[in-house]
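# Structural characterization, general
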Amino acid sequence: MFGIVRPCRHGMCGGMFKDWLGHLCGLCLALRDEHGQAARLATNYDALLVSVLAEAQTDAPTRRRTAGPCALRRFRTAGIVESEGARLAASVSLILAGAKLRDHIADGDGPYRRRLVAASAGRLAGRWSGAGASTAAALSFDPAPLTGAALAQVELERSGGTALATLTAPTEDAVAAAFAHTAVLTGRPGNREPLERAGRAFGRLAHLLDAVEDLAEDRERGAYNPLLASGTALADARTHCERAQGELREAVHGLELPRPRLATTLLVHETSRAITRTFAETSPSPESPPDDHPRKANPGGLISLACAAFSCCTCGLYQPPWEEEDSRCTSCANCGDVCCHLPECCTNCDCCSDCDCCSGCDCCSA
């Protein structure tokens, strides 16, 4: 549920991470305020990019309000984003969450094999999809590409093996529509076309990385996976991912963004890191040191479901022992190796405050 863009506070300067957290909390509270506490389970890291893109296209900072103390912020208050962009992100999150639940039910994943669990999840998926469509209508956003993507995906899966580009097309169209509508919200029609291109590239990348992460498990269970269905090898999948990331980078650089820093960091640099992270986990380097603290295996069943729900409730701050360590990074010891070789590092300050290459970056002193 959390998506591929999962920045760590050690990979951003303090001010930029604070801005990102403001969008995350803004999305979470937009879900709560309009659709109830349970809707916060639908919080999606990738969907909040919609909120970030909306703010990036405004001349002045998006209006923020002070949220009360929260356990996830160590009982501190915070300035959270409150905007139509955050509401659009909430709509997208709910529709995607509903589609994801239906996908789990259709595949009979884990506890969803149980009839009672599947029936309850189906009702929740219906409520979330309806709520997301309601908010979309209030924002003059047509949710058809998002709601239709799930149906199209099911049909493609039933049709058997086909071209990889065909399998990722519904996701590409859905993300393109969501990204493009931020140009409508902000009154920048000139950004619509590059936003659509950025959305298609990001949608393709997200779909492929999700397939790579699930590949081993899907192969073992005999479940559907777009890489298996299309006969795409891992090396070819990485080539497709890197090509999509290049298209995304080009589209982002073609946008008219008065406030580009956070959007560029998330859409360009964090997606590049997502590719590196995903393929490193799938095919670890033989030079990698042995894991002194091996992770526990996912037990599945109700325990796994409960942990996943608690992780959603805590916006990912709690991670069960079997989840990847990268999402709860606590060290930037290798930051210099990553950051200082990026030509745009200091332009966007997408690096740790301890890096030498940050000297001279105004935002790194934030």
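Only a predicted model underlies this, so the values are computations on that prediction, with no experimental measurement involved.

Rules used throughout
Residues numbered from 1 in each chain as written. Predicted model: local features only at pLDDT ≥ 70, side-chain atom pairs only at ≥ 80, totals over all residues. Heavy atoms only, no water. Helix = DSSP H or I, 4+ residues; strand = E, 2+ residues; numbered from the N terminus. Buried < 20%, exposed > 50% of the residue type's maximum accessible area, 1.4 Å probe, protein only. Contact = heavy atoms within 4.5 Å. Areas by Shrake-Rupley, 256 points an atom, 1.4 Å probe, with all protein chains shown as cover. Phe/Tyr/Trp six-rings, centres within 6.5 Å; stacked < 30°, edge-to-face > 60°. Core = buried A, V, L, I, M, F, W, Y, C linked by side-chain atoms within 4.5 Å. Expected span 1.5 Å × (residues − 1). Polar contact = N/O pair within 3.5 Å; in protein donor to acceptor, adjacent residues only side chain to side chain. pLDDT = per-residue confidence, 0-100. Salt bridge = Lys/Arg side-chain N within 4 Å of Asp/Glu carboxyl O. Axes fitted to C-alpha atoms, helices over the stretch in contact; angles between N-to-C directions. Parallel < 35°, antiparallel > 145°, perpendicular 65-115°, else oblique. Left-handed = near helix turned anticlockwise from the far one by under 90°. Nonpolar A, V, L, I, M, F, W, Y, C, P; charged D, E, K, R; others polar.

## A closer look at the overall build of the protein chain
Counting its secondary structure elements, the protein chain contains 13 helices and 2 strands. Within the protein chain, the fraction of its 366 residues that count as buried is 47%. When contacts within the protein chain are restricted to residue pairs at least 6 apart in sequence, long-range pairs at least 24 apart make up 70% of them. As presented, the protein chain carries roughly 17,400 Å² of accessible surface, and 53% of it is formed by carbon and sulfur atoms.

## Considering the packing of aromatic side chains
Aromatic ring pairs are described here by two measures, namely the spacing of the ring centres and the angle between the planes. For the structure on display, the rule yields 3 aromatic pairs. Here the aromatic rings of Phe179 and Phe202 are separated by 5.9 Å at their centres, their planes lie at 35 degrees, and the arrangement is tilted. Of this pair, Phe179 sits in helix 6 (residues 164–186) while Phe202 is found in helix 7 (residues 192–221), placing the two residues 23 residues apart along the sequence. Given the relative accessible area of 2%, Phe179 is considered buried. Three or more aromatic residues joined by ring pairs form one cluster here, namely Phe17, Trp20 and Tyr45.

## Overview of the nonpolar core
Of all hydrophobic cores here, the largest spans 74 residues; its most connected members are Phe179 and Phe202. The greatest single-element share of this core, amounting to 11 residues, is contributed by helix 7. Those residues in contact with Phe202, other than ones at most four positions away along the chain, are Ile4, Val5, Asp46, Leu49, Val175, Phe179, Leu248, Leu267 and Thr271. In this structure, Cys25, Leu29, Ala78 and Ile80 belong to the second largest nonpolar core, which totals 5 residues.

## Here's the deal with helix 5 (residues 144–158)
Between its first and last C-alpha atoms helix 5 spans 21 Å; for 15 residues at 1.5 Å apiece the expected length is 21 Å, and the two agree. For helix 5, every residue scored as buried is listed here: Leu146, Ala149, Gln153 and Leu156. On its buried side, helix 5 packs onto helix 3 (84–107), helix 6 and helix 7.

## Observations regarding unusual backbone geometry
Of note in this structure, Ser140 is not a glycine but carries a positive phi near 60 degrees. One can find Ser140 in the loop between helix 4 (115–138) and helix 5.

## Some words on the environment of Arg64
Relative to the helices and strands, Arg64 is located in strand 1 (residues 64–70). You can call Arg64 partly exposed: its relative accessible area is 29%. Taking the C-alpha atoms as reference points, Arg64 and Gly26, separated by 38 residues in sequence, lie 8.7 Å from one another. Here the side chain of Arg64 touches Glu55 through a polar contact of 2.8 Å, side chain to side chain.

## Remarks on the confidence of the model for the protein chain
For the protein chain, the average pLDDT comes to 80, and 74% of its residues sit at 70 or higher. At the low end of the mean pLDDT range in the protein chain sits helix 12 (residues 335–339), at 37; at the high end sits helix 9 (residues 234–253), at 96. Low pLDDT, under 50, characterises residues 285–294; the stretch is placed with 0 contacts to residues that sit more than four places away or in other chains.

## Description of the pattern of salt bridges
Inspection of the entire model under this criterion finds 15 salt bridges. Arg197 is the partner of Glu193 in a salt bridge, and the nearest nitrogen-oxygen pair spans 2.8 Å. With Glu193 and Arg197 both in helix 7, this residue pair falls 4 residues apart, about one helical turn. The closest approach of N and O atoms between Arg221 and Glu217, which form a salt bridge, is 3.8 Å.

## Description of the packing of helix 3 against helix 6
Running from N to C, helix 3 and helix 6 cross one another at 155 degrees; their axes reach a closest spacing of 11 Å. By the angle between their axes, helix 3 is roughly antiparallel relative to helix 6. By crossing handedness, the relation of helix 3 to helix 6 is classed as right-handed. Contacts from Glu84, Gly85, Leu88 and Val92 of helix 3 reach helix 6 at Ala178, His181, Thr182 and Leu185. Of the residues belonging to the contact of helix 3 with helix 6, the class tally is 4 nonpolar, 3 polar and 1 charged.

## Description of helix 3
With 24 residues, helix 3 ought to run about 34 Å at 1.5 Å a step, and its terminal C-alpha atoms sit 35 Å apart, in line with that. Of the residues that open helix 3, the one with a side-chain oxygen 3.3 Å from the backbone nitrogen of Gly85 is Ser83. Backbone geometry just downstream of helix 3 places Gly108 in the positive-phi region, at approximately 65 degrees.

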